[in-house]
Amino acid sequence: MKKAIYLISIIVAFYLVPACSNSTKNNNHSHEEHSHNHEGHNHVQEGNNQNAISNSYVDSNNNKLHYVVGEAIHKHDSMDSGHTHKQDNKYGIVEIVPQEYYEVIHTSGRILPAQGDEHTLTAIHSGIVVFGQKPLLAGSEVSAQEFLLTISGKKLVHDNIETSFINTKTSYETALSNFERAKILNQDKIITDKDFADFKLKYLKTKNSFDNVIRNYSSGGHRVTTSVNGFIKNVLVTEGQYVTTGQALMKIVKNKRLIVKADVPQSFFHKLKEISSANFITAYDKKLYNTNELNGKLISYGRTSLENSLFTPVYFEIDNMEKLLAGSFVEIFLKTTPVVNSIIIPKTALLEEAGRYYVYIENGEEFEKRYVTIDGSDGHNYHIIDGLNEGDHIATNNPYQIKLASMSISLPVHSHSH
(Lines give C-alpha, C1' and ligand atoms only; values in the text may rest on other atoms or scores of the structure.)
Protein backbone atom coordinates (compact mmCIF):
# COMPACT_ATOMS: atom_id res chain seq x y z
CA MET A 1 0.00 0.00 0.00
CA LYS A 2 2.79 2.40 0.92
CA LYS A 3 4.59 1.55 -2.31
CA ALA A 4 1.46 2.32 -4.35
CA ILE A 5 1.01 5.72 -2.71
CA TYR A 6 4.70 6.54 -3.26
CA LEU A 7 4.47 5.57 -6.94
CA ILE A 8 1.36 7.77 -7.45
CA SER A 9 3.17 10.75 -5.84
CA ILE A 10 6.09 10.45 -8.21
CA ILE A 11 3.81 10.34 -11.26
CA VAL A 12 1.86 13.43 -10.14
CA ALA A 13 5.06 15.35 -9.52
CA PHE A 14 6.41 14.38 -12.93
CA TYR A 15 3.46 15.98 -14.74
CA LEU A 16 2.91 19.00 -12.49
CA VAL A 17 6.45 20.41 -12.36
CA PRO A 18 6.99 20.96 -16.14
CA ALA A 19 3.53 22.45 -16.47
CA CYS A 20 4.23 24.88 -13.68
CA SER A 21 7.61 25.70 -15.17
CA ASN A 22 6.19 26.29 -18.64
CA SER A 23 3.49 28.51 -17.18
CA THR A 24 6.09 30.60 -15.41
CA LYS A 25 8.16 30.96 -18.57
CA ASN A 26 5.16 31.93 -20.62
CA ASN A 27 4.15 34.54 -18.04
CA ASN A 28 7.66 35.98 -17.94
CA HIS A 29 7.86 36.06 -21.72
CA SER A 30 4.48 37.75 -21.94
CA HIS A 31 5.61 40.34 -19.40
CA GLU A 32 8.82 40.95 -21.30
CA GLU A 33 6.93 41.37 -24.57
CA HIS A 34 4.48 43.72 -22.89
CA SER A 35 7.32 45.72 -21.36
CA HIS A 36 9.15 45.90 -24.65
CA ASN A 37 6.04 46.94 -26.52
CA HIS A 38 5.42 49.65 -23.94
CA GLU A 39 8.94 51.01 -24.21
CA GLY A 40 9.19 50.66 -27.93
CA HIS A 41 5.81 51.83 -29.08
CA ASN A 42 7.41 54.90 -30.61
CA HIS A 43 9.66 52.78 -32.82
CA VAL A 44 6.59 51.40 -34.55
CA GLN A 45 5.29 54.91 -35.12
CA GLU A 46 8.54 56.15 -36.58
CA GLY A 47 8.28 54.10 -39.75
CA ASN A 48 7.11 50.91 -41.37
CA ASN A 49 10.59 49.95 -42.53
CA GLN A 50 11.52 46.83 -40.54
CA ASN A 51 15.18 47.34 -41.44
CA ALA A 52 15.37 50.94 -40.13
CA ILE A 53 18.14 51.72 -37.66
CA SER A 54 17.25 53.44 -34.38
CA ASN A 55 19.62 55.25 -32.05
CA SER A 56 19.18 56.99 -28.72
CA TYR A 57 21.04 59.61 -26.74
CA VAL A 58 20.47 60.63 -23.11
CA ASP A 59 21.01 64.31 -22.40
CA SER A 60 21.98 66.04 -19.14
CA ASN A 61 18.33 66.25 -18.01
CA ASN A 62 17.78 62.50 -18.38
CA ASN A 63 15.65 63.07 -21.48
CA LYS A 64 16.13 60.43 -24.14
CA LEU A 65 16.26 61.49 -27.77
CA HIS A 66 15.35 58.83 -30.35
CA TYR A 67 15.83 59.14 -34.05
CA VAL A 68 15.72 57.07 -37.21
CA VAL A 69 18.81 57.44 -39.37
CA GLY A 70 18.06 59.53 -42.44
CA GLU A 71 14.70 60.65 -41.10
CA ALA A 72 13.88 62.64 -37.96
CA ILE A 73 15.03 62.81 -34.35
CA HIS A 74 12.28 61.67 -31.98
CA LYS A 75 12.06 62.70 -28.33
CA HIS A 76 10.19 61.16 -25.44
CA ASP A 77 10.81 61.15 -21.72
CA SER A 78 11.18 57.47 -20.92
CA MET A 79 13.03 58.27 -17.70
CA ASP A 80 10.40 60.59 -16.26
CA SER A 81 6.88 60.14 -17.56
CA GLY A 82 5.71 63.34 -15.85
CA HIS A 83 8.37 65.59 -17.45
CA THR A 84 7.71 66.64 -21.04
CA HIS A 85 9.67 68.39 -23.76
CA LYS A 86 7.14 71.22 -23.84
CA GLN A 87 7.46 71.84 -20.12
CA ASP A 88 11.20 72.28 -19.72
CA ASN A 89 11.83 73.70 -23.23
CA LYS A 90 15.47 72.77 -22.74
CA TYR A 91 16.08 73.32 -26.42
CA GLY A 92 14.50 76.79 -26.48
CA ILE A 93 11.77 75.96 -28.97
CA VAL A 94 10.43 79.18 -30.51
CA GLU A 95 8.00 79.84 -33.32
CA ILE A 96 9.23 81.73 -36.35
CA VAL A 97 7.43 85.08 -36.57
CA PRO A 98 8.47 87.61 -39.25
CA GLN A 99 10.20 90.61 -37.69
CA GLU A 100 11.97 93.79 -38.66
CA TYR A 101 15.64 93.35 -39.50
CA TYR A 102 18.20 96.02 -40.33
CA GLU A 103 20.66 95.65 -43.14
CA VAL A 104 24.13 95.53 -41.63
CA ILE A 105 27.57 96.84 -42.52
CA HIS A 106 30.02 94.50 -40.84
CA THR A 107 33.34 96.15 -40.02
CA SER A 108 35.83 96.85 -37.22
CA GLY A 109 36.81 99.82 -35.10
CA ARG A 110 38.01 101.07 -31.73
CA ILE A 111 36.69 102.49 -28.47
CA LEU A 112 38.10 105.95 -27.76
CA PRO A 113 37.75 108.48 -24.91
CA ALA A 114 35.06 111.09 -25.52
CA GLN A 115 36.09 114.70 -26.00
CA GLY A 116 36.31 116.37 -22.59
CA ASP A 117 36.58 112.98 -20.89
CA GLU A 118 40.40 112.93 -21.09
CA HIS A 119 42.62 115.37 -19.20
CA THR A 120 46.35 115.92 -19.66
CA LEU A 121 48.45 117.12 -16.73
CA THR A 122 51.28 119.43 -17.83
CA ALA A 123 54.28 120.92 -16.09
CA ILE A 124 53.86 124.61 -15.31
CA HIS A 125 57.54 124.88 -14.41
CA SER A 126 60.77 123.20 -15.40
CA GLY A 127 62.37 120.80 -12.98
CA ILE A 128 63.04 117.21 -11.90
CA VAL A 129 60.14 114.74 -11.53
CA VAL A 130 59.76 113.24 -8.06
CA PHE A 131 56.96 110.71 -7.57
CA GLY A 132 54.92 110.61 -4.37
CA GLN A 133 54.22 107.58 -2.22
CA LYS A 134 51.30 106.36 -4.36
CA PRO A 135 52.33 104.15 -7.31
CA LEU A 136 51.37 105.85 -10.57
CA LEU A 137 50.29 103.02 -12.87
CA ALA A 138 47.90 102.85 -15.82
CA GLY A 139 44.42 102.07 -14.51
CA SER A 140 45.01 103.48 -11.02
CA GLU A 141 42.06 105.46 -9.67
CA VAL A 142 42.66 109.10 -8.72
CA SER A 143 40.53 111.73 -7.00
CA ALA A 144 40.17 115.44 -7.59
CA GLN A 145 42.91 117.51 -5.89
CA GLU A 146 44.90 114.36 -5.12
CA PHE A 147 48.68 114.90 -4.96
CA LEU A 148 50.45 112.82 -7.63
CA LEU A 149 54.03 114.05 -8.05
CA THR A 150 56.43 116.95 -7.47
CA ILE A 151 58.57 118.95 -9.88
CA SER A 152 61.65 119.87 -7.93
CA GLY A 153 64.31 122.47 -8.70
CA LYS A 154 66.96 121.12 -6.36
CA LYS A 155 70.47 120.94 -7.81
CA LEU A 156 69.40 122.97 -10.85
CA VAL A 157 71.52 126.03 -11.55
CA HIS A 158 69.19 127.62 -14.07
CA ASP A 159 65.40 127.84 -14.10
CA ASN A 160 65.22 126.62 -10.52
CA ILE A 161 61.63 126.53 -9.24
CA GLU A 162 62.69 127.12 -5.65
CA THR A 163 64.77 130.12 -6.63
CA SER A 164 61.83 131.38 -8.69
CA PHE A 165 59.55 130.97 -5.68
CA ILE A 166 61.90 132.98 -3.47
CA ASN A 167 62.27 135.73 -6.05
CA THR A 168 58.49 135.92 -6.61
CA LYS A 169 57.85 136.03 -2.89
CA THR A 170 60.45 138.80 -2.40
CA SER A 171 58.94 140.84 -5.26
CA TYR A 172 55.46 140.43 -3.80
CA GLU A 173 56.50 141.45 -0.29
CA THR A 174 58.38 144.48 -1.63
CA ALA A 175 55.43 145.58 -3.76
CA LEU A 176 53.07 145.11 -0.81
CA SER A 177 55.27 147.26 1.43
CA ASN A 178 55.54 150.01 -1.18
CA PHE A 179 51.78 149.94 -1.75
CA GLU A 180 51.00 150.29 1.96
CA ARG A 181 53.43 153.25 2.26
CA ALA A 182 52.02 154.84 -0.88
CA LYS A 183 48.51 154.80 0.58
CA ILE A 184 49.68 156.87 3.53
CA LEU A 185 51.66 159.28 1.36
CA ASN A 186 48.72 159.72 -0.99
CA GLN A 187 46.40 160.52 1.90
CA ASP A 188 48.83 163.23 3.04
CA LYS A 189 49.02 164.52 -0.52
CA ILE A 190 52.75 163.86 -0.61
CA ILE A 191 52.46 161.76 -3.80
CA THR A 192 50.04 162.21 -6.64
CA ASP A 193 47.13 159.89 -7.43
CA LYS A 194 48.97 158.74 -10.55
CA ASP A 195 52.01 157.63 -8.54
CA PHE A 196 49.74 155.83 -6.10
CA ALA A 197 48.01 154.01 -8.97
CA ASP A 198 51.40 152.82 -10.27
CA PHE A 199 52.31 151.38 -6.85
CA LYS A 200 48.92 149.66 -6.65
CA LEU A 201 49.20 148.12 -10.13
CA LYS A 202 52.68 146.73 -9.41
CA TYR A 203 51.41 145.25 -6.17
CA LEU A 204 48.47 143.52 -7.86
CA LYS A 205 50.73 142.02 -10.54
CA THR A 206 53.24 140.59 -8.08
CA LYS A 207 50.42 139.32 -5.87
CA ASN A 208 48.84 137.42 -8.78
CA SER A 209 52.21 135.86 -9.66
CA PHE A 210 52.89 134.90 -6.06
CA ASP A 211 49.42 133.39 -5.60
CA ASN A 212 49.88 131.35 -8.76
CA VAL A 213 53.22 129.98 -7.59
CA ILE A 214 52.27 129.31 -3.99
CA ARG A 215 49.02 127.60 -4.93
CA ASN A 216 50.86 124.38 -5.84
CA TYR A 217 54.19 124.98 -4.20
CA SER A 218 55.42 123.14 -1.17
CA SER A 219 58.75 122.52 0.42
CA GLY A 220 60.73 120.78 -2.29
CA GLY A 221 59.00 122.05 -5.42
CA HIS A 222 55.77 122.30 -7.41
CA ARG A 223 53.04 119.85 -6.36
CA VAL A 224 51.12 118.35 -9.31
CA THR A 225 47.48 117.43 -8.62
CA THR A 226 44.51 116.40 -10.76
CA SER A 227 41.31 118.41 -10.99
CA VAL A 228 38.98 115.46 -11.84
CA ASN A 229 38.02 112.04 -10.55
CA GLY A 230 39.07 109.29 -12.91
CA PHE A 231 41.75 106.79 -13.85
CA ILE A 232 45.32 107.12 -15.04
CA LYS A 233 45.43 106.33 -18.75
CA ASN A 234 49.21 106.51 -19.03
CA VAL A 235 52.20 108.14 -17.33
CA LEU A 236 54.43 110.04 -19.76
CA VAL A 237 57.42 110.70 -17.49
CA THR A 238 59.73 108.72 -15.20
CA GLU A 239 61.24 109.31 -11.78
CA GLY A 240 64.15 111.76 -11.95
CA GLN A 241 63.34 112.95 -15.48
CA TYR A 242 63.89 116.63 -16.30
CA VAL A 243 60.79 118.29 -17.74
CA THR A 244 60.22 121.72 -19.19
CA THR A 245 57.31 124.11 -18.85
CA GLY A 246 54.29 122.85 -20.81
CA GLN A 247 55.49 119.25 -21.09
CA ALA A 248 52.81 116.54 -20.68
CA LEU A 249 53.18 114.50 -17.51
CA MET A 250 50.27 112.04 -17.61
CA LYS A 251 46.74 111.53 -18.95
CA ILE A 252 43.66 111.11 -16.75
CA VAL A 253 40.35 109.76 -18.10
CA LYS A 254 37.01 110.11 -16.35
CA ASN A 255 35.78 107.05 -18.28
CA LYS A 256 32.14 108.15 -18.20
CA ARG A 257 31.57 108.76 -21.90
CA LEU A 258 33.26 106.93 -24.76
CA ILE A 259 33.44 107.10 -28.54
CA VAL A 260 32.91 104.03 -30.72
CA LYS A 261 34.73 104.69 -33.98
CA ALA A 262 33.83 102.41 -36.90
CA ASP A 263 36.01 102.24 -40.01
CA VAL A 264 33.63 101.83 -42.96
CA PRO A 265 34.95 100.70 -46.37
CA GLN A 266 34.45 103.27 -49.11
CA SER A 267 32.17 100.87 -51.00
CA PHE A 268 29.51 101.59 -48.35
CA PHE A 269 29.89 105.38 -48.50
CA HIS A 270 26.37 105.74 -49.98
CA LYS A 271 24.95 103.93 -46.93
CA LEU A 272 26.47 106.18 -44.26
CA LYS A 273 23.50 108.51 -44.00
CA GLU A 274 21.21 105.53 -43.34
CA ILE A 275 23.13 104.31 -40.26
CA SER A 276 20.97 104.51 -37.13
CA SER A 277 22.68 102.45 -34.43
CA ALA A 278 25.27 99.74 -33.98
CA ASN A 279 26.06 96.51 -32.18
CA PHE A 280 29.66 95.80 -31.25
CA ILE A 281 31.63 92.94 -29.71
CA THR A 282 34.70 93.57 -27.57
CA ALA A 283 37.83 91.51 -28.10
CA TYR A 284 38.47 90.89 -24.40
CA ASP A 285 35.10 89.54 -23.19
CA LYS A 286 33.31 88.65 -26.48
CA LYS A 287 30.18 90.35 -25.15
CA LEU A 288 27.68 91.98 -27.49
CA TYR A 289 26.78 95.62 -26.77
CA ASN A 290 24.20 97.90 -28.36
CA THR A 291 24.67 101.66 -28.67
CA ASN A 292 21.00 102.37 -27.90
CA GLU A 293 21.22 100.39 -24.64
CA LEU A 294 24.27 102.47 -23.66
CA ASN A 295 22.44 105.79 -24.15
CA GLY A 296 24.40 106.19 -27.36
CA LYS A 297 23.90 108.42 -30.35
CA LEU A 298 25.43 108.82 -33.79
CA ILE A 299 27.44 112.05 -33.58
CA SER A 300 29.09 112.21 -37.01
CA TYR A 301 30.39 110.34 -40.02
CA GLY A 302 33.12 111.28 -42.43
CA ARG A 303 32.29 113.14 -45.62
CA THR A 304 35.70 112.22 -47.00
CA SER A 305 38.02 109.26 -46.53
CA LEU A 306 40.90 109.43 -44.10
CA GLU A 307 44.30 110.35 -45.52
CA ASN A 308 46.12 107.29 -46.88
CA SER A 309 43.15 105.11 -45.92
CA LEU A 310 40.43 103.15 -47.70
CA PHE A 311 37.97 103.74 -44.86
CA THR A 312 35.58 106.45 -43.74
CA PRO A 313 35.01 106.94 -39.99
CA VAL A 314 31.62 106.77 -38.24
CA TYR A 315 31.39 107.93 -34.61
CA PHE A 316 28.96 106.99 -31.83
CA GLU A 317 29.09 108.46 -28.33
CA ILE A 318 28.00 106.12 -25.51
CA ASP A 319 27.86 105.88 -21.73
CA ASN A 320 30.49 103.67 -20.18
CA MET A 321 28.01 101.79 -18.00
CA GLU A 322 29.71 98.45 -18.67
CA LYS A 323 33.29 99.47 -17.81
CA LEU A 324 34.37 99.34 -21.43
CA LEU A 325 38.07 99.65 -22.12
CA ALA A 326 39.08 102.80 -23.97
CA GLY A 327 41.59 102.06 -26.70
CA SER A 328 40.39 98.49 -27.31
CA PHE A 329 39.48 97.10 -30.73
CA VAL A 330 35.92 95.97 -31.44
CA GLU A 331 33.93 94.12 -34.10
CA ILE A 332 31.07 96.37 -35.26
CA PHE A 333 27.70 95.75 -36.92
CA LEU A 334 26.29 99.03 -38.26
CA LYS A 335 22.50 98.96 -38.71
CA THR A 336 21.16 100.74 -41.77
CA THR A 337 17.95 100.19 -43.77
CA PRO A 338 15.11 98.28 -42.02
CA VAL A 339 13.70 95.22 -43.81
CA VAL A 340 10.18 94.27 -42.67
CA ASN A 341 8.77 90.72 -42.46
CA SER A 342 12.19 89.14 -42.18
CA ILE A 343 12.95 85.64 -40.89
CA ILE A 344 15.63 85.97 -38.21
CA ILE A 345 16.99 83.42 -35.75
CA PRO A 346 19.51 83.72 -32.88
CA LYS A 347 23.09 82.66 -33.49
CA THR A 348 22.69 79.90 -30.90
CA ALA A 349 20.28 78.03 -33.19
CA LEU A 350 22.67 77.65 -36.11
CA LEU A 351 25.14 74.83 -36.79
CA GLU A 352 27.62 74.51 -39.65
CA GLU A 353 28.46 71.46 -41.69
CA ALA A 354 30.99 71.56 -44.52
CA GLY A 355 30.26 75.20 -45.23
CA ARG A 356 26.47 74.77 -45.08
CA TYR A 357 24.28 75.98 -42.24
CA TYR A 358 21.34 74.17 -40.69
CA VAL A 359 18.91 74.26 -37.78
CA TYR A 360 16.66 71.70 -36.08
CA ILE A 361 12.92 72.05 -36.64
CA GLU A 362 10.44 70.63 -34.14
CA ASN A 363 7.86 68.53 -35.98
CA GLY A 364 5.41 67.18 -33.38
CA GLU A 365 7.62 65.07 -31.14
CA GLU A 366 10.45 64.95 -33.66
CA PHE A 367 13.40 67.15 -34.60
CA GLU A 368 14.04 67.58 -38.31
CA LYS A 369 17.36 68.80 -39.70
CA ARG A 370 16.81 71.74 -42.05
CA TYR A 371 19.44 73.50 -44.17
CA VAL A 372 19.11 77.30 -44.42
CA THR A 373 20.63 80.19 -46.38
CA ILE A 374 21.80 83.18 -44.36
CA ASP A 375 22.14 86.78 -45.51
CA GLY A 376 24.18 88.55 -42.88
CA SER A 377 24.13 88.97 -39.11
CA ASP A 378 23.78 91.85 -36.65
CA GLY A 379 26.00 90.09 -34.13
CA HIS A 380 23.04 88.53 -32.30
CA ASN A 381 20.68 87.24 -35.00
CA TYR A 382 21.07 85.77 -38.47
CA HIS A 383 18.89 86.89 -41.35
CA ILE A 384 17.51 83.77 -43.09
CA ILE A 385 16.44 84.13 -46.72
CA ASP A 386 15.74 80.48 -47.52
CA GLY A 387 14.91 77.28 -45.64
CA LEU A 388 12.52 78.55 -42.95
CA ASN A 389 8.92 79.65 -43.02
CA GLU A 390 6.59 81.53 -40.73
CA GLY A 391 5.17 79.16 -38.10
CA ASP A 392 8.16 76.79 -38.04
CA HIS A 393 9.33 75.85 -34.54
CA ILE A 394 13.11 75.77 -34.17
CA ALA A 395 15.49 74.74 -31.38
CA THR A 396 17.46 77.80 -30.29
CA ASN A 397 19.32 76.24 -27.35
CA ASN A 398 21.70 73.28 -27.25
CA PRO A 399 21.30 72.22 -30.89
CA TYR A 400 24.63 70.43 -30.62
CA GLN A 401 23.10 67.96 -28.15
CA ILE A 402 20.51 67.11 -30.76
CA LYS A 403 23.33 66.62 -33.26
CA LEU A 404 25.06 64.24 -30.86
CA ALA A 405 21.98 62.03 -30.96
CA SER A 406 22.48 61.51 -34.69
CA MET A 407 26.11 60.55 -34.07
CA SER A 408 25.49 57.94 -31.32
CA ILE A 409 25.96 54.19 -31.81
CA SER A 410 23.33 52.50 -34.02
CA LEU A 411 21.16 49.76 -32.50
CA PRO A 412 18.48 47.54 -34.09
CA VAL A 413 14.88 48.52 -33.48
CA HIS A 414 13.96 45.11 -32.04
CA SER A 415 17.05 44.23 -30.07
CA HIS A 416 15.42 42.03 -27.39
CA SER A 417 15.74 38.26 -27.50
CA HIS A 418 13.15 35.69 -26.59
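Because the structure is a prediction, the values reported are computed rather than measured. (Residues numbered from 1 in each chain as written. Predicted model: local features only at pLDDT ≥ 70, side-chain atom pairs only at ≥ 80, totals over all residues. Heavy atoms only, no water.)

Asker: Describe the nonpolar core, and please don't skip the residues or the numbers.
Answerer: When a protein is soluble and globular, its nonpolar side chains tend to lie buried together. Core analysis: the biggest nonpolar cluster contains 19 residues, and Phe-280, Val-314, Phe-316, Ile-318, Leu-324, Ile-332 and Leu-334 have the highest contact counts within it. Those elements that place two or more of their residues in this core are β5 (99–113), β15 (257–265), β16 (277–282), β19 (311–319) and β20 (329–346). Of the residues forming this core, the biggest block, 4 residues, is contributed by β15. Setting aside its immediate chain neighbours within four residues, Leu-334 contacts Glu-103, Val-104, Ile-105, Thr-107, Ala-262, Val-264, Ile-275, Ser-277, Ala-278 and Phe-316. One finds Ala-123, Val-129, Leu-249 and Met-250 within the second-largest nonpolar core, a separate group that totals 16 residues. (Core = buried A, V, L, I, M, F, W, Y, C linked by side-chain atoms within 4.5 Å. Buried < 20%, exposed > 50% of the residue type's maximum accessible area, 1.4 Å probe, protein only. Helix = DSSP H or I, 4+ residues; strand = E, 2+ residues; numbered from the N terminus. Contact = heavy atoms within 4.5 Å.)

Asker: How would you summarise the sheet that holds strand β8 (residues 141–142) if you had to cite specific residues and measurements?
Answerer: Pairing within the open sheet is antiparallel, and its 4 strands lie in the order β6-β14-β12-β8. What marks the edges here is a single partner per strand, and that holds for β6 (118–122) and β8. (Pairing = 2+ DSSP bridges.)

Asker: A description of the confidence of the model for the protein chain should follow, citing residues and the corresponding values.
Answerer: The share of residues in the protein chain with pLDDT of 70 or more is 72%, and the mean pLDDT across the chain is 76. Taking the mean pLDDT of every element in the protein chain, the minimum, 36, falls on strand β1 (residues 53–58) and the maximum, 94, on β16. Within the model, pLDDT remains below 50 along residues 1–88, and this stretch shows 113 contacts once partners closer than five positions in the same chain are excluded. Here residues 409–418 is modelled with pLDDT under 50, and outside its nearest four sequence neighbours on either side it reaches 16 contacts, counting other chains as well. (pLDDT = per-residue confidence, 0-100.)

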